[in-house]
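# A look at the structure
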Amino acid sequence: MSQQGYVATPPYSQAQPGMGGYPAGFGSAPSQPLYRQYGGPPQSFPAPPTGMMKPVSSPSGMPPPQVPSHYGSNGQQNGAHPQSYPAPPYGQPLQSPYHSMAHQGPPPAQQLTNQMGAMNLGYGPGPVQSPQAPPTSHLTQQQFQTAPPTAMGHPPMGPHSSQMAHPQSPLAGPTMAGPQSMGGPPPMGGMGRPFPGPPPPGAGGFQQPGPGAAGPPGHPQQLQGQFGGQMAGPGMAGPGMAGPFQGGAAQMAGPPQKKLDPDSIPSTTQVIEDDQAKRGGQVYTTNLRGQVPPLVTTDYTVQDQGNASPRFMRCTTYSFPCTADLAKQCQVPLATIIKPFATVPKNETPMYVVNHGETGPIRCNRCKAYMCPYMQFTDGGRRYQCGFCNCVNEVPAFYFQHLDHMGKRVDFYERPELSLGSYEFAATLDYCKNNKPASPPAYIFMIDVSYANIKSGLVRLVCDELKTLLDNLPREDGAESSMVKVGFVTYNKILHFYNVKSALAQPQMMVVSDTAEMFVPLLDGFLVNFQESRAVINNLLDQIPDMFADTNESETVFAPVIQAGVEALKAAECSGKLFIFHSSIPTAEAPGKLKNRDDKKLINTEKEKTLFQPQKAVYEQLSKDCVSQGCSVDLFLFPSQYVDIATMGDVATHTGGSVFKYSNFQVERDGQHFLSDLRKDVEKAIGFDAIMRVRTSTGFRATDFFGAIHMNNTTDVEMAAVDCDKAVTVEFKHDDTLSEETGALMQCALLYTTISGQRRLRIHNLSLNCSAQLSELYKSCETDALINFFAKSAYRAMLNQPLKTVKEILVNQAAHMLACYRKNCASPSAASQLILPDAMKVFPVYLNSLLKTGPLVGSAELSTDDRAHQRLSTTAMGVEDTQLLLYPRLIPLHNMDVASDVVPTPVRCSEERLTDAGMFLLENGCSLFLWLGQACPPEVIQSIFNVPSLAHVPIDLRSLPELDNPQSQKLRSIIDSLLDQRPSSMKLMIVKQKDRSEIMFRQHLVEDKGLHGGASYMDFLCYVHREIRQVLT
Ligand SMILES: [Zn+2]
């Protein structure tokens, strides 16, 4: 492609307007302007000293006093005030290393704009067009006008941009022509209104709550079908729809003119790099309401100053619209992704435990919110007003404290519950089941000893591993040993329980063959302390593989196994977790017997959804039993064929558990992968028998919940267990008008049992801004959180609606979000321009990637179990995990600096970034590939694999040989660090360019056309653009 062909005289020379869109509070140096309103000098807030049950002492380095009201009325704290934007908000433009357009003259951005022709891209709001623009909008506008181009080098589209539309656009084919070419009238009549017809209901497009999460009453506008029906106008149902999803390339088959430069469309890797450059290595203090945190991919440190760390809570937007009408108009989902037990680095604010004594934590009398930084003390400290419901409460005598001249309690900094966003309360007996103290949880290991597992060597592998693994059971900080008890069961068609009491010389086996009425044949000696019973347990673990070595039994039961675990925990009056190692579909005559119902003929039919619906009855009841006992189920599956994961995984995914899958398991090849998963799973931080409630300030409330959860009513999220990797996505809806002054407050309270049997309440508080200006909402959006919400809601919707409908709703909602931005927040420009909010500029690539994921793709080439597995796993993912899943990291290794510790910067996930002589690592949190170009230099191959050429590299290698040279060491250390960061282990797969195995790798190149259907990023962007134009017509 000739660059010169595209160079055009810049239409204007001044700095471009329209570069806003950076979120509220973005870029503020955390220690400087943030304190200004409190009158103190900039100071850092040293992490309070660690120590359980000790109030925070008042270190001298405390920040200047913060009055509780800083969450409320001070308009300056709204992240949108001008000070929040330091002069050049995006810093200097960084050239993408792949950018081929850099040269003198106009910024590359402008030239690219010129190239884009009919599909001009622009980011960021132009001057706010709203007639109700607040008095500050001129400031905002000035700010935008002086802003330099984004570091991406992408063009902001100002009012002039329409002049830049290139008549000879490479995309000016029929696809990108005006709406008239769309094949029929616009889907909705009513020209001239923002959204002709009644506005679609709310932000969420999916109406049918999935099982276990009934939609709340009081939102009748969300009736099923209303949205779908309305949106599925002719434009959607027509051929236009078929294009991008079923034959993306057709979209580009117009005039084969100059190919559009892929560097010119928004780049996720660039966005990640820019945020890292801008906010990486910094301290993020949480003292401001509505502050947008750094991206999940950025390396930052959090200092809790009154709002929960983004590690615990992340929002789709940090500025909620004031009214339900605005929310409906923009269709941006209002959601928070809560990871209550997220791992926090050692240098960040620890979780303090507060004890309010026998009467339990102080709570608002009316709404029951827990004492937190949003309670405002009045009347000389004798009363406090609840920030959530405004109720004025008496301060209990023991809790009384005087107020200082700022109206703040003098013990403010000594009490975590007044000064921090996250902390714990010690719970009293009122918070325990049957008012009895909780017991430490138990872990029960349940091993399928049928023929398949014996033959593969799995049983021996598990037994050997447990002998050492059980020394690493989780324990309370500072505790000498774990209080978790352990128990063992083996099974095939019948169950064997083991008495491993320490007093015994030999373990004793008890058999239960009546699986219809499951009971636990022994109470004493089944659940024991590992340290005390180590000898008996090791003896048992030695014997198990031999005991069943000659088995011919190939049939298994499954539901009775879980039932046995629940009964054992019930008898021991404790919560706990079942680790089940299972190989095949349970066909033995017993409750929960399953048959093979896999049917590829259902794919792309109305009935495809049935493949993902669990077989109810027995399993549904089992989930309920598990949750009420605090029994979480982790399922390790080793299938050689279809096992109906949709059903078998159902209990796990309603009890805070996980499903791990190792198809065609071979010990030599897959053993390490499985063992590292098992180790992580056994050792991870976790809470049991949990119930979570999300309270909100008046005007909005939590209406829907997604996660590995169970719900008996519309408000209480029950989790048999919740570990450090599990997240719950919560959607909010308005039920009244929100106030810009008071903002939107939320408090997540999680009651749970610790690993040592203490009952606690973990509290996370977060305050958001509210605005009557949609531009504020768009500025404060977070794409990574948005896509987490979209993924979870789509994966739930696919249980009830055809995939095609689910995908249409996704695209429609996205088009509405972006169209609304364009209409209300961007400066006027030609319809041919695609204008994206800065904070959402890579949303389309994520959305397209989601549409191409296994669960949604509808291809007979994918295994139903794999699709069901991915669907279930994603349901409990946090923002980090969905981000990586939907935009994998593709790391070039051939030019890496072996002397540096730094992992090479990832490149865009596209085939175009691969080079024949290159070597790349690709990871998405589930899979890890090492791709070798066919011209990969022999010396590189030699240094990594210790073989003379590419042809000699064995592709079934699952780990790299440990060679003593810098290349090998560096590569292995990169792989180790990636594996270390992820919740589950990833199997390393070696892929050679042009080999058959490359297909597996290529389906993760999410910017390219999908192997099983689905558009390329470029095509999808065109498609979304067309949809936007249709909405705006
Ligand atoms: Zn209240």
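Residues numbered from 1 in each chain as written. Predicted model: local features only at pLDDT ≥ 70, side-chain atom pairs only at ≥ 80, totals over all residues. Heavy atoms only, no water.

### Let's talk about the overall build of the protein chain
Within the protein chain one finds 28 helices and 31 strands. Put simply, 76% of the contacts in the protein chain that link residues at least 6 apart link residues at least 24 apart. Of the roughly 36,600 Å² of accessible surface on the protein chain, a fraction of 52% belongs to carbon and sulfur atoms. (Helix = DSSP H or I, 4+ residues; strand = E, 2+ residues; numbered from the N terminus. Contact = heavy atoms within 4.5 Å. Areas by Shrake-Rupley, 256 points an atom, 1.4 Å probe, with all protein chains shown as cover.)

### Re the coordination of the zinc ion
At the metal site, the zinc ion is ligated by Cys364 (SG), Cys367 (SG), Cys386 (SG) and Cys389 (SG), and these contacts range over 2.2 to 2.3 Å. Here the zinc ion binds four donor atoms, and the angle range of 100 to 115° at the metal identifies the geometry as tetrahedral. For the zinc ion, the donor residues sit on a single chain with the sequence spacing C-x2-C-x18-C-x2-C. Separated by 22 residues along the polypeptide, cysteine 364 in the loop between strand E7 (353-354) and strand E8 (376-378) and cysteine 386 in the loop between strand E9 (383-385) and strand E10 (392-394) bring together distant segments of the chain. For the pair cysteine 364 and cysteine 386, one class covers both residues: buried. (Donors = N, O, S within 2.8 Å, 3.2 Å for Na, K, Ca; no water. Tetrahedral: all angles 85-135°; square planar, octahedral: opposite > 155°, others 65-115°. Buried < 20%, exposed > 50% of the residue type's maximum accessible area, 1.4 Å probe, protein only.)

### Structural notes on the side chain of threonine 864
Within the fold, threonine 864 resides in helix H23 (residues 864-875). Polar contacts involving the side chain of threonine 864 include one to the side chain of aspartate 598, which spans 2.6 Å. If near-sequence neighbours (up to four positions away) are discounted, threonine 864 is found in contact with Asp598, Lys600, Leu611, Phe612 and Tyr642. (Polar contact = N/O pair within 3.5 Å; in protein donor to acceptor, adjacent residues only side chain to side chain.)

### Some words on helix H14 (residues 618-629)
In this model H14 runs 17 Å from its N-terminal to its C-terminal C-alpha over 12 residues, within 8% of the 16 Å that 1.5 Å per residue would give. Of all the residues in H14, the buried ones are Tyr619, Leu622, Ser623, Asp625, Cys626, Val627 and Gln629. Just past H14, the residue glycine 630 takes up positive phi, approximately 70°. (Expected span 1.5 Å × (residues − 1).)

### Observations concerning the packing of aromatic side chains
Taken as a whole, this structure holds 36 aromatic pairs when the rule is applied. Among the aromatic residues, those joined into a cluster by ring pairs are Phe581, Phe636, Phe638, Phe660, Tyr662, Phe665 and Phe674. For the cation-ring pair, lysine 408 lies above phenylalanine 412, with the distance from its terminal atom to the ring centre recorded as 4.6 Å. (Phe/Tyr/Trp six-rings, centres within 6.5 Å; stacked < 30°, edge-to-face > 60°. Lys NZ or Arg CZ within 6 Å of the ring centre and 35° of its normal.)

### Details of the UniProt feature "domain: Zinc finger Sec23/Sec24-type" (unreviewed entry) in the protein chain
Cross-referencing UniProt, the feature "domain: Zinc finger Sec23/Sec24-type" (unreviewed entry) maps to residues 361-399 in the present numbering. Between the first and last C-alpha atoms of residues 361-399 the distance is 11 Å; the span itself is 0% helix and 23% strand. (UniProt positions renumbered as here; feature names shortened; annotations may be inferred.)

### With respect to the nonpolar core
In terms of nonpolar packing, the biggest core is built from 158 residues, with Phe320, Phe497, Ile562, Ile580, Met692, Tyr778 and Leu850 touching the most fellow members. Excluding anything up to four places from it in sequence, methionine 692 contacts Ile338, Pro340, Thr715, Asp716, Val717, Met719, Val728, Val730, Cys748, Ala749 and Leu750. Among the nonpolar cores identified, the runner-up in size contains 42 residues, and Phe530, Phe579, Phe688 and Ala721 belong to it. (Core = buried A, V, L, I, M, F, W, Y, C linked by side-chain atoms within 4.5 Å.)

### Comments concerning unusual backbone geometry
Phi at asparagine 390 takes a positive value of approximately 70°, unusual for a residue other than glycine. Assignment of secondary structure puts asparagine 390 in the loop between E9 and E10. Note on asparagine 390: relative accessible area 42%, which makes it partly exposed. Look at asparagine 604: it is not a glycine, yet its phi comes out positive at around 65°. Turning to its location among the elements, asparagine 604 is positioned in the loop between strand E17 (576-582) and H14.

### Observations regarding the environment of methionine 692
Inspection of the secondary structure assignment puts methionine 692 in strand E20 (residues 686-696). Along the chain, methionine 692 and cysteine 748 lie 56 residues apart, while their C-alpha atoms are 6.9 Å from each other.

### Describing the packing of helix H19 (residues 783-797) against helix H21 (residues 843-851)
How two helices pack is summed up by the angle between their axes together with the distance between the axes. Remark: H19 packs on H21, axes separated minimally by 10 Å, with the N-to-C direction vectors making an angle of 25°. By the angle class used here, H19 and H21 are roughly parallel. The way H19 lies across H21 gives a crossing that is right-handed. Of the residues in H21, those touching H19 at Thr783, Asp784, Leu786, Ile787, Phe790, Ala791 and Tyr795 are Phe843, Tyr846, Leu847 and Leu850. Residue composition of the contact of H19 with H21, grouped by class: nine nonpolar, one polar and one charged. (Axes fitted to C-alpha atoms, helices over the stretch in contact; angles between N-to-C directions. Parallel < 35°, antiparallel > 145°, perpendicular 65-115°, else oblique. Left-handed = near helix turned anticlockwise from the far one by under 90°. Nonpolar A, V, L, I, M, F, W, Y, C, P; charged D, E, K, R; others polar.)

### Re the pairing of strand E29 (residues 919-923)
Each regular strand shows side chains that alternate between the opposite faces of the sheet. A large share of E29 lies buried, amounting to five of its five residues. With four bridges joining them, strand E28 (residues 889-892) and E29 adopt antiparallel strand pairing. For isoleucine 891, the partnering residue across the bridge sits in E29 and is leucine 921. Pairing of E29 with strand E30 (residues 927-932) involves five bridges; the strand directions are antiparallel. Bridged to glutamate 923 within E30 is leucine 928. Linking E29 to E30, which pair antiparallel, is a turn of three residues; within it glycine 925 sits at a positive phi near 95°. (Pairing = 2+ DSSP bridges.)

### Observations concerning helix H12 (residues 530-547)
Helix length check: H12 (18 residues) gives 22 Å between terminal C-alpha atoms against 26 Å at 1.5 Å per residue, more than 12% under. The largest bend along H12 measures about 45° and falls at valine 536. Listed in full, the buried residues belonging to H12 are Phe530, Ser533, Val536, Ile537, Asn538, Asn539, Leu540, Leu541, Ile544 and Pro545. Among the structural elements, helix H10 (451-456), helix H11 (458-469), strand E13 (485-491), strand E14 (495-499) and strand E16 (528-529) are those in contact with the buried residues of H12. (Bend = angle between axes of the 7 residues up to and from the residue.)

### Quick look at the environment of serine 775
Note that serine 775 resides in helix H18 (residues 774-779). Residues serine 775 and proline 321, spaced 454 residues apart in sequence, show a C-alpha to C-alpha distance of 9.6 Å.

### Let's talk about the sheet that holds strand E31 (residues 987-992)
Overall, mixed pairing links the four strands, which are arranged E28-E29-E30-E31 in an open sheet. Of all the strands in the sheet, just E28 and E31 have a single pairing partner and so form its edges. Each strand of the sheet is rotated relative to its neighbour by a mean of 20°, with strand direction disregarded. Sheet contacts for helix H25 (residues 938-945): E29, E30 and E31; angle to E30, the most-contacted strand, approximately 140°. In the packing of helix H26 (residues 966-981) onto the sheet, the strands contacted are E28, E29, E30 and E31, and the crossing angle to E29 comes to about 10°.

### Overview of the pattern of salt bridges
The final tally for this structure, using the stated rule, is 48 salt bridges. With a shortest N-O distance of 2.9 Å, arginine 460 and aspartate 546 are connected by a salt bridge. Taken together, the residues arginine 460 in helix H11 and aspartate 546 in helix H12 connect sequence positions 86 residues apart. On the basis of relative accessibility, which here comes to 40%, the residue arginine 460 falls in the partly exposed class. When its relative accessible area of 48% is taken as the criterion, aspartate 546 is described as partly exposed. In this structure, glutamate 465 and arginine 679 form a salt bridge, with 2.7 Å as the shortest nitrogen-oxygen distance. (Salt bridge = Lys/Arg side-chain N within 4 Å of Asp/Glu carboxyl O.)

### Structural notes on the state of the cysteines
Joining two cysteines, a disulfide is a covalent bond between their sulfur atoms. Under the defined criterion, the tally for this structure stands at zero disulfides. The closest cysteine sulfur to the non-disulfide-bonded cysteine 825 is located on cysteine 820, 6.3 Å from its own sulfur. (Disulfide = S-S within 2.5 Å.)

### Looking at the confidence of the model for the protein chain
Should pLDDT be low for a region, the predicted coordinates there are not to be read in detail. In the predicted model, the protein chain carries a mean pLDDT of 80, and the fraction of residues at 70 or more is 75%. Within the model, pLDDT remains below 50 along residues 1-120, and this stretch shows 305 contacts once partners closer than five positions in the same chain are excluded. Throughout residues 208-257 the model reports pLDDT below 50, and contacts reaching past four residues in sequence, or to other chains, amount to 104 contacts. (pLDDT = per-residue confidence, 0-100.)

### Examining the packing of H21 against helix H28 (residues 1017-1032)
Here H21 crosses H28 at 105°, and the two axes come no closer than 10 Å. In terms of orientation, H21 and H28 fall into the roughly perpendicular class. The segment H21 lies against H28, with Pro844, Val845, Leu847, Asn848 and Leu851 engaging Tyr1017, Phe1020 and Leu1021. Split into classes, the residues belonging to the contact of H21 with H28 amount to seven nonpolar, one polar and no charged.

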